Amino acid sequence: MAHTDIITCLKELIPTGTLITDLDKLNLSTKYGTSQHGHLPICILHPGNADELASIIQYASQSNVCLTVTSSTGSHRKGGITNQDEHILIDLSQWKKIDLIDRRNRVCRIEPGITYAELTDTLSAHGMTIPMPLSPRNGKSVLAAMMDREPTTWANKQWDSSDPVGSTEFFFSSGERFRTGAAGGPGTIEQQRLSGGAQKHSAGPSQTDFHRVVQGSQGTMGIVTWITLRTEIMPTVQETFLVGTGKLDDLLDYIYTVQRRLLGEHFFVLNRTAAALLISGGDVQTFEDLRNSLLGFVGVQNIAGFERLPRERLAYHKQDIERIAHQSNLQLEPQIGRLDAAELFNKATHPCGETDWRDALLGGCLSIFFQSTLDRMPALLKAFTETAAGFGIVESEIGVYIQPMVQNHVGHMELMIPYNPRSLEQVDRLRQLERQATIHLMDSGAFFSRPYGSAAELVWTQNPSNTQLVKIIKGIFDPHQLLQRSKWFVVEKQHPVLTHEGRDISELENIVGRQWVSTAPCVLDTYAYYMNPETMNKDGSQWLPRPAAVVLPQSTTEVQEIMRFCSNSQYMAKPLSTGFHTAAAASNKNVIILDLKRMNRIIDIDFKNQIAVVEPYVRAIDLQTEIVKHGLNCHIVSSGANHSLLASHAAAWGYGVTGTATSFSGRNLLGVEWVLPSGEVVTLGSAGAGCGWFSPDGPGPSMRGIVRGFQGTFGGLGVFTRCAIKLYKWDGPREWELAGQSPKYVLKKIPPRSALNAIAFPSRSAEKDAGYKMGEAELNHGEFRTPMFFAALGLTESNEELKIALESGIFQKIGQDIISTAIFAGSDEEFTWKMKALKEILRETGGVIIPMNLPMRPAVLKLAGRLIKNIRDPLALLRRFPVLQDLIQHLPVYNKLKLEKQSTLFWLLFRNANNTQAAFRPSQGMATMLGAFDTWDLAHTQAEYVARIKQPYIKQGLILDDGGDLGSGGAFENGHLGYLEGIILYDPGNPQSSMVARELVQIGVNAAIDHAMGVPIAAFGVEANRVLGPACGNYHIWLARIKSALDPDMASDPFFYAESLDEGDRS
Amino acid sequence: MSLERLETLRHEMKKCVRCSLCKLVPMPTIQQTRFTSACPPVDEYHFHAYSGGGMQVMALALLDGRITVDRDLARIVSACTTCGLCDVSCKFIMPAERQDVIIALKEHIMDLGFAPAPKMENKSTQMTWTDGLKLKTLPESKSNVLLFAGGGANYDSLHAASARKLAQLLQYSCVDFGILTDEPESGIELFWTGQHEFFESQARLAVDQLDNSNAKIIVTLCGEDLGMLRSKYPRIGHTPKAKVVHASEFLLQLIQKRKLHLVHAIPECVTYHDPCYLGRQSEPPQFWQGEERQTHGVMRYFVPPKPINYGVNGVFDAPRQILRTIPGLRFIEMYRIREYAYCCGGGGGVPDVHPNVARSAATQRVDEACDVGATILVTACQHCRQNLMRWQDGNTLPVVDLVDLVYDAAGLR
């Protein structure tokens, strides 16, 4: 089609936008880096709104015209907008909306054209700020930086590589508009907000993390029109210091120790050249003087206090950091040489001007950046300097910027060499250096997660199976390759060959050995019986389909062979690890269960970088027992520490009672070894590139997004045979002595610097507020809402006692809005501050620490119930006079009882020894409603709804009368996120009761749609997705497309994931 | 009859939620990743069927007519040592009788003739462990204390030696005691392989003989005999009139009353293996009569409250107190102890039918003892001692009976 025709058509599609064909402007749009590639765009479009953008994309799709997108203005250093083919450039830099600014939930929404200055100015009026890359240029789009996974200087706030991105809206190349994360639905943004949501959480919708595929894709997977961003509170007070050292190695222990404890705020490292580049602003003399005044490296340590007890917070952070510095023979200095810490920090955390600071000195700057772990960086630096020396570049010319990321689980390293772009000789020399250095660095273990320059060409051969997977996904997201066509590679159309031979189960014996295969009915039936059978059975029955066989592989190779067998036979595979829930069941008699119990090795624990690599049957308790001795903990989900870590992180859910400190399983996944349904193995991220298990994302788009979303694939898309998970600091005891006997094990003494409390709030509103406040203060390691019934359950030893406790009425009066919390601190000062902050919060919200030394024996409860019958608030006195709470707690009476109760909290909130299982004592059946993941406010909306909707069934005696509100869960990531799942206790031995449980779960799904309450935790799999998908951007169709592409032979049981599409729906 | 017995336990089976806690010791007790397991057959075979939870599901499948008793089922169930640790682990979170279901399942399989036949013990060599001791025989002579040596004393040399030593310790402490001329077998092999009719007969016979001795106190050498007499016999309505104590309990009393002095130092580091039938499986049964009711919709409770055997009232302390009394001895605990002690693998008839399970359990247990730094592994059950020693290559770690150690410490060697 002629260009003029294209331009004519496009003009009609953008009535409120603009179209540019001016040659100078077209030329400007392609300027970048050390060279230019590709064609000029046919034109530049500025669509006026998202509808116009949709029209453009649809036109391009129909006309086979390639699209590129830009959001930033000014000179593009990394050159993401050029293209090999003819293309239209869509420029969204004029989309300047910032809205949905929400201080309570610390979130906002931005369009692509928003720059850092615009955003920080707007947010500061609300007392908020955001993490930012190191001194970005003025025209840099925040959205573009975030969608490129660009590191920020505030690693402590980055829980997951995709942060601070929350939800997104993007267009597929078909023109379909899609929202990810909590924004994905159900409901409109406004409806979600009415329910208490804030479009903050990034996962999903459902079983794919679409945003991870688009993020890092450099415009090849979708066109993003807005994102929500997690914001942070602005510091009230702050100080910045420099930590100087001659050698990079000498800084490492300091960094690891400070970062592990999440002390301080912003932190990064510059060598003297990079520091001088940043400060000098292009002035040569200033640059030289500054550089010469410094030692080799300087760490920039920012310390702050926020709204709550800010000075005290800053003081204890500073004291602890100084102590750590001293241990490494380092010092915190306000100035080193001519470098002033405050000036440097100010420069680093503000835009640098029109020209990037790297280019300011000589006009250009070679920049090579990659990821690794901190401890490997000295060696990588050496590799680079040696290569550079071969090109006549001396060490003093090389700038080094090191940025811890994702709470220091991975580091970003950038190597810079300023140059004069007008010198063709220099340009040519550096181009050669760049290529050679990239190769050398790759060989030395550098992971180019964000591939630019030579890496953009070279990375794709490092991990061929991952590259193949990316191509397949590209073929789904952009089947006609309109977006950045030919960038990185050309995608061929897949032509699946379906062959299903009739094969015999006995062939499996040749793979794993005879003794590891069973077709005995008695064995098979033990894999046909699980918790929550009503998830599959509509008739309330307990038995699930009997599988065809159970096979126990021991290695990835054996798993591959089994998958190949299934690919080529009438059978399907279904892997399980601990197999607690019906989600582990076979959906029909042609399914082979892969019991992964023999794959139970902890492969590696990297204590320094806080990463563990495990096989499927490593249970949380296994790993926690090892790592706690080294001051580390892992995220454990609420089913109790007997769960499989791999299942939780890669294949299932992810909520746990320490979520406020250890996040959510899906966000802690650092790498996966994945046997695809075809039997091929793909290892994602840095592990697949042979660099180590520290980064699951890239190169380019992250295939982690296909592994799981809010929920996992539950075995419906191959088998995960190994994974890496993030570990967290543990400030509690590294060992402890046990007393007591089953079922009451007791700590011999409560660990120092710890506080285990159950806190009762006077109302739901107060409880909600407290959740946010405790989160912002970063107080808790463990936090679990323990509504009335669970509080009574935890304090009694039998159902007989529980009956008495409930009938006494005490728990109903004091216990509906209880949060159980665990505080552990790394220093006395930290503990003092946390306790002071807690008390302040309790005063503000009317919270009362329930005295643990009260004898809650049945006889006492009966009597107490009679006494308080006419008292509305038995805790009123304690609420009014908080000092009484301390007094009672410290009374030397019933200390044994107190120790018992605190021990119970220790097992619950740290060891996860009595979690979900404890809920089975009353009636042996537990189901869950709603439980979507977004904000603490939304969590309570859901809990309230569930409480209401259960009443008729409670009245009929079909489910347990727990008062209705059994909303259980807590805040996550220091209050940034929250959830409550509405528990239903039922009798699985009673079909009617089971059917009610199922019905209620279904009601929850419908309610989630009707009232925009997010994707429920139990809503996954083919049936649920058919209901929810249409309400959430038709994600179920995308899941089906992924399933079709990756499992054309239906080797994996699809029931709890997605069906493949029919042939006609494959496009 | 045995199917009916299984049917009465249906509600127990249905309590299983497949959480797999039966494969783990109670989680608050876990100290070392290598030593967390609760179930020897699962450790060896890995299939869920072998676990306590698996047994519940298979029993339920049987009752629901989904499966029949066959060789596969029999073979799987016969791998269970009946140690009862799954029962303890499950009761940490809910009151469910796992052990009762497993025993009932074994009984049913045995009734239908599918249980693998246990190897007959080589009892051809009869030893007279009493030679030269001049012991009283009851009831011909009178004595308040009866020493119950256990059947193995007649054909196992180490068992016989321990019996002699116990007798000598009692003599040395001036205890007036006797033995039975023809001591009955406790019938433990019958019990834990599901031969319930024979077990019932044997129990009746044994209790008759014990009662006829007119002793007031029965002192058992072997831990499993204590478990039989104190727990399993009374369960089926055969309770000895005499008070039944284990040798460790009796010897401790003698030490505390200063009738027995442990004066000889033993400069070793020892650890103690809790035998299942001396420990968690020796709790006297708690009979209950009442009714089950529902409240608050679907919550079940019992009136009067049903007592639960958590496995904690076994003999745990006496052996430990003795060990701590021996001069020069350093006592260190293993990771899995008391009611959550890992089975040695010697019970349930398992060494005969599943020697691999017996071996792997014993090996794991010896590894655990070595891991804590012990140079001697002490136990108080002859079955445990035999199995823990049997599979060691080159006697890695000596395994001795508590009585042997007391004997040495008393200076009687």
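Preceding this paragraph is the structure being described.
Residues numbered from 1 in each chain as written. Chains lettered and ligands numbered in written order. Predicted model: local features only at pLDDT ≥ 70, side-chain atom pairs only at ≥ 80, totals over all residues. Heavy atoms only, no water.

> Mind showing me how you'd approach the overall build of chain A here?
From N to C terminus, chain A includes 38 helices and 38 strands. Relative to a compact globule of 1067 residues, whose C-alpha radius of gyration would be 31 Å, chain A shows 29 Å and is just as compact. For chain A, the spread of C-alpha atoms along the three principal axes comes to 90 × 70 × 60 Å. Considering only contacts within chain A whose residues lie at least 6 apart along the sequence, 75% involve residues at least 24 apart. One way to put it: in chain A the 100 positive side-chain charges average out to a point 5 Å from where the 111 negative ones average out. (Helix = DSSP H or I, 4+ residues; strand = E, 2+ residues; numbered from the N terminus. Rg over C-alpha atoms; globule rule 2.2 N^0.38 Å. Contact = heavy atoms within 4.5 Å. Lys, Arg positive; Asp, Glu negative; His and termini not counted. Charge placed at Lys NZ, Arg CZ, Asp CG, Glu CD.)

> Just to check I follow, could you spell out the interface of chain B and chain A for this structure?
By a widespread convention, an interface's size corresponds to the accessible area lost as its parts come together. Listed by partner, the interface residues are 59 residues for chain B and 72 residues for chain A. Taking both sides of the interface into account, the surface hidden between chain B and chain A amounts to around 5400 Å²; carbon and sulfur atoms contribute 63%. Our count for the chain B to chain A interface comes out at two salt bridges. The partner of Asp525(A) in a salt bridge is Arg66(B), and the shortest N-O contact between them spans 2.8 Å. Where chain B meets chain A, there are 21 residue pairs in polar contact (both at pLDDT 80 or more). Mapped onto the side of chain B that touches chain A, the elements with two or more residues apiece are helix 3 (40-45), helix 4 (52-63), helix 5 (71-77), helix 6 (85-91), strand 7 (291-295) and strand 8 (299-303) of chain B. The class makeup of the residues in the side of chain B that touches chain A is 34 nonpolar, 13 polar and twelve charged. (Buried area = accessible area lost by both parts, 1.4 Å probe. Salt bridge = Lys/Arg side-chain N within 4 Å of Asp/Glu carboxyl O. Polar contact = N/O pair within 3.5 Å; in protein donor to acceptor, adjacent residues only side chain to side chain. Nonpolar A, V, L, I, M, F, W, Y, C, P; charged D, E, K, R; others polar.)

> What should I look at first to understand the sheet that holds strand 20 (residues 517-518) of chain A in this one?
Note: strands within a sheet are paired through backbone hydrogen bonds, in either parallel or antiparallel orientation. All names here are of chain A. Spatially, four strands are ordered 20-21-23-22 in an open sheet, and the strand pairing comes out mixed. Each having just a single partner strand, strand 20 and strand 22 (572-576) make up the two edges of the open sheet. In this structure, strand 22 lies alongside strand 23 (residues 591-595), joined through five bridges in parallel fashion. Paired with Ala 573 across the two strands is Ile 592, which belongs to strand 23. Most of the contacts of helix 19 (residues 556-567) go to strand 23, to which it runs at about 175 degrees, and overall it touches strand 21 (549-551), strand 22 and strand 23. (Pairing = 2+ DSSP bridges. Axes fitted to C-alpha atoms, helices over the stretch in contact; angles between N-to-C directions.)

> How do you make sense of the pairing of strand 23 of chain A when you look at a structure like this?
Regular strands show a simple pattern: their side chains alternate between the two faces of the sheet. Residues and elements named next belong to chain A. The buried fraction of strand 23 amounts to five of the five residues, a majority that puts the element mostly inside the structure. The alternating pattern of strand 23 places Val 591, Ile 593 and Asp 595 and Ile 592 and Leu 594 on opposite faces, both of which are buried. Sheet topology places strand 21 next to strand 23; three bridges connect them, and they run parallel. The partner of Val 550 across the bridge, within strand 23, is Ile 593. (Buried < 20%, exposed > 50% of the residue type's maximum accessible area, 1.4 Å probe, protein only.)

> Quick question: what am I supposed to make of the sheet that holds strand 12 (residues 237-245) of chain A here?
Residues and elements named next belong to chain A. With respect to topology, six strands assemble into an open sheet ordered 12-14-13-18-19-17, the strand pairing being antiparallel. Either end of the sheet is taken by a strand with one partner, and the two such strands are strand 12 and strand 17 (364-372). Between one strand axis and the next, the sheet turns by 20 degrees as a mean value, whatever way the strands run. Sheet topology note: the strand 17/strand 19 (residues 410-419) ladder contains nine bridges and is antiparallel. Looking at the pairing, Leu 366 lines up with Ile 417 of strand 19. Lying on the sheet, helix 13 (residues 377-389) is in contact with strand 14 (297-305), strand 17, strand 18 (399-405) and strand 19; it crosses strand 19 at an angle near 25 degrees. Packing against the sheet, helix 14 (residues 424-443) makes contact with strand 17 and strand 19, and its axis sits at approximately 5 degrees to strand 17.

> What am I meant to see in the nonpolar core here?
Across soluble globular proteins, nonpolar side chains have a tendency to be buried as a group. Ranked by size, the top nonpolar core spans 382 residues in total, and within it Tyr254(A), Ile592(A), Trp674(A) and Trp129(B) carry the most contacts. Looking at this core element by element, the count peaks at eight residues for helix 4 of chain B. Counting residues in hydrophobic clusters, the runner-up holds 26 residues, among them Leu309(A), Tyr772(A), Ile841(A) and Trp936(A). (Core = buried A, V, L, I, M, F, W, Y, C linked by side-chain atoms within 4.5 Å.)

> Where do I start with helix 3 (residues 50-63) of chain A in this structure?
Three or four residues apart is the spacing at which side chains of an α-helix point the same way, because the helix has 3.6 residues per turn. Residue and element names in this part refer to chain A. With 14 residues, helix 3 should cover 20 Å at 1.5 Å per step; its first-to-last C-alpha distance of 20 Å lies within 8% of that length. Along helix 3, the residues classified as buried are Ala 50, Glu 52, Leu 53, Ala 54, Ile 56, Ile 57, Tyr 59 and Ala 60. Looking at where helix 3 begins, the residue whose side-chain oxygen comes 3.1 Å from the main-chain nitrogen of Asp 51 is Asn 49. Looking one or two residues beyond helix 3, the residue adopting positive phi is Asn 64, at roughly 60 degrees. (Expected span 1.5 Å × (residues − 1).)

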